[in-house]
Amino acid sequence: MRRIAILGSTGSVGTQTIDLITRAGAGSEGADFHVTALTGAQNIALLAQQARALRPDIVVTSDPSRLGDLQDALAGSGLAVAAGADAIREAASRPADIAVNAIVGAAGLVPGLTALEAGATLALANKESLVAAGPLMMRRMHETGGQILPVDSEHSAIYQALTGEDIAAVDRIILTASGGALRDWPLERLQTATVAEAMAHPNWAMGQRITIDSASMFNKALEVIEAREFFGVSPAQIEVIIHRESIIHSMVGFHDGAIMAHLGSPDMRHAIGYALNWPKRAPLPVARLDLAKTARLSFEAPDEARFPALRLAREVMAAGGLSGAVFNAAKEIALDHFIAGSIGFMQMAQLVEATLDRLSSDSGLHNDAATLEDVLAMDHLARVRATELAVGLASGLAG
Ligand code: NAD
Ligand code: MG
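What you are looking at is a predicted structure, and each value in this text was computed from that prediction instead of being measured. (Residues numbered from 1 in each chain as written. Chains lettered and ligands numbered in written order. Predicted model: local features only at pLDDT ≥ 70, side-chain atom pairs only at ≥ 80, totals over all residues. Heavy atoms only, no water.)

## Quick notes on the sheet that holds strand E8 (residues 170-177)
And step 1. An order of E9-E8-E10-E11 is seen for the four strands of this open sheet, with the pairing classed as mixed. Looking at which strands have only one partner, the edges of the open sheet turn out to be strand E9 (238-242) and strand E11 (259-263). With strand direction ignored, the average angle separating the axes of adjacent strands in the sheet is 20°.
And step 2. Both E8 and strand E10 (residues 248-254) contribute to a ladder of four bridges, which runs antiparallel. Bridge pairing in E10 links Ile 173 to Val 252.
And step 3. Set on the sheet, helix H11 (residues 218-231) makes contact with E8 and E9; between it and E8 the angle comes to about 150°. (Pairing = 2+ DSSP bridges. Helix = DSSP H or I, 4+ residues; strand = E, 2+ residues; numbered from the N terminus. Axes fitted to C-alpha atoms, helices over the stretch in contact; angles between N-to-C directions. Contact = heavy atoms within 4.5 Å.)

What follows is the structure, given as structure tokens:
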């Protein structure tokens, strides 16, 4: 029996995780999985429904003002409930074999780190924690003798391609990108892109924030940094290629010239299922590829003029220190403002770049041995600066 905590259970990755463990019998007598914790935020109805089905030891909403709603929704169930960021941290600290971190944004950093320190294998969808605090996360993993398994499809693909291989034999890591909803739009049109247009992802059904990040390529930019942190390769070894079909989930090139690729349907349950069953492989309910029907796989170089996020990721990796924490925080603020309609699509990258510039001389930035407190302080400072800068951009937009 495996004890599993699902942090961010009500989101896109969270619900797909629950789909897989439910198929494996979770919630019924004698099942292979026992759910220790379920955490969510605003979708109390879904969180309560999941809790009634899976009977976790603790159910938590991140929003303290929703505690009463959660208590009402679970009245008579006998389940323990709690609310707030500290309660999520407490839930993550409970003994578990696997913790799936499917929280969106930097809010996932502390819970994921806590689960890792408590000895759980961390199935990490929350790429933001590696972007903001990669060295810290990897250091903790080594210190605790713990394990982080990537649940981003690209990084799961790379991890699988590297199994049994020597990282020293790796020449290059090739991250594939669908290009997102606006991949064929000319620059002038991108300036006017709306949230609804950015949400129309051609291949993947995901949460709102990552879908818009896919359209801006900020998602791929985060993934480049995630790959650098997780696999410990140099920035120059990481390439991005537009692959419209999303059939190849990523590739690893070795110094003998061989390239190993992971292929599959565009279904996150490939990556989630691999992490849940690691080091074994278990049957998964994903569509099997019909390669004759797929017919062709295409590749194109990304256009950094239309998608400046990729260039910014390179600059962040070159700058090192806590630049990743600034990049991620500024990106989250930029996305909030784009969703709220106060800045345009292309202004997200402008805002992130301006925030990086503004903080480039900050004494706290060049810290290669950052503690959690250092990361959280820099995350906070970057949010304050990005919010100030966003006001300037928004008035420019209005005028
Ligand atoms: P989502 O928005 O669908 O779900 C996010 C989850 O986090 C929800 O359960 C929500 O309740 C919870 N949450 C939101 N704010 C919170 C807060 N402040 N504190 C605690 N919990 C909070 O997001 P998603 O698309 O499932 O993505 C989750 C993570 O997985 C992200 O880091 C994303 O980049 C990564 N990821 C997602 C996919 C995908 O297919 N959706 C693929 C690869 C990686
Ligand atoms: Mg991905």
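Don't stop here, the text continues.
## Brief notes about the nonpolar core
And step 1. Formed by 134 residues in total, the largest nonpolar core has its most connected members in Phe 327 and Phe 345.
And step 2. The element contributing the most residues to this core is helix H15 (residues 323-340), with nine residues.
And step 3. If sequence neighbours within four positions are ignored, Phe 327 has contacts with Val 131, Phe 218, Ala 221, Leu 222, Ile 225, Ala 309, Leu 312, Ala 313, Val 316, Val 352 and Leu 356. (Core = buried A, V, L, I, M, F, W, Y, C linked by side-chain atoms within 4.5 Å. Buried < 20%, exposed > 50% of the residue type's maximum accessible area, 1.4 Å probe, protein only.)

## Describing the domain arrangement of the chain
And step 1. Each assigned domain of the chain is listed with its residue range as follows: domain 1 (2-150), domain 2 (155-266 + 288-294) and domain 3 (320-398).
And step 2. Here domain 1 and domain 2 have C-alpha centroids that lie 26 Å from each other.
And step 3. Each partner contributes to the interface: domain 1 provides twelve residues, whereas domain 2 provides 15 residues.
And step 4. Summing both partners gives a buried area of about 1,200 Å² for domain 1 against domain 2, and 70% of it is carried by carbon and sulfur.
And step 5. The largest share of the area that domain 1 buries against domain 2 comes from Lys 127, Val 131 and Pro 150, three residues that together contribute 49% of it.
And step 6. Along the contact surface separating domain 1 from domain 2 lie one salt bridge.
And step 7. Counting across the interface, domain 1 meets domain 2 through three residue pairs in polar contact (both at pLDDT 80 or more). (Domains from an automatic or database assignment. Buried area = accessible area lost by both parts, 1.4 Å probe. Salt bridge = Lys/Arg side-chain N within 4 Å of Asp/Glu carboxyl O. Polar contact = N/O pair within 3.5 Å; in protein donor to acceptor, adjacent residues only side chain to side chain.)

## Here we look at a nonpolar patch on the surface
And step 1. On the surface, a cluster of nonpolar side chains totalling about 340 Å² of accessible area is made up of Leu 263, Leu 291, Leu 297 and Phe 299.
And step 2. With respect to the secondary-structure elements, Phe 299 resides in the loop between helix H13 (291-294) and helix H14 (309-319). (Patch = residues over 30% accessible without salt bridge, like charges linked within 9 Å, V, L, I, M, F, W, Y side chains within 5 Å. Areas by Shrake-Rupley, 256 points an atom, 1.4 Å probe, with all protein chains shown as cover.)

## A word on the packing of aromatic side chains
And step 1. This structure, assessed with the given rule, holds five aromatic pairs.
And step 2. An angle of 65° between the planes, with centres 6.4 Å apart, marks the rings of Tyr 159 and Tyr 274 as edge-to-face. Residue Tyr 159 is located in helix H7 (residues 153-162), and its partner Tyr 274 is located in helix H12 (residues 269-277); the two are separated by 115 residues in the primary sequence. In this structure, Tyr 159 and Tyr 274 share a single accessibility class: buried.
And step 3. Seen in terms of ring centroids, Phe 218 and Phe 327 are 5.7 Å apart; in terms of plane orientation they differ by 45°. Their pairing is tilted. With Phe 218 in helix H11 and Phe 327 in helix H15, the pair connects residues that are 109 residues apart, well separated along the chain.
And step 4. Residue Phe 327 is classed as buried on the basis of its relative accessible area, which comes to 0%.
And step 5. Pairwise contacts between aromatic rings join Tyr 159, Phe 230, Phe 231 and Tyr 274 into one cluster. (Phe/Tyr/Trp six-rings, centres within 6.5 Å; stacked < 30°, edge-to-face > 60°.)

## A look at the site of ligand 1
And step 1. Surrounding ligand 1, one finds 23 residues, the nearest of these being Thr 10, Ser 12, Val 13, Ala 41 and Glu 128.
And step 2. One of the backbone N or O atoms of Ala 41 is found 2.9 Å from an oxygen atom in ligand 1.
And step 3. The separation between an oxygen atom of ligand 1 and a polar main-chain atom of Ala 125 is 3.4 Å.
And step 4. For the shell around ligand 1, the secondary structure elements donating two or more residues are helix H1 (12-23) and helix H6 (127-144).
And step 5. For the shell around ligand 1, the per-class residue count stands at eleven nonpolar, nine polar and three charged.
And step 6. Summarising the domain contributions, the shell around ligand 1 has at least three residues from each of domain 1 (2-150) and domain 2 (155-266 + 288-294). (Near = heavy atom within 4 Å. Nonpolar A, V, L, I, M, F, W, Y, C, P; charged D, E, K, R; others polar.)

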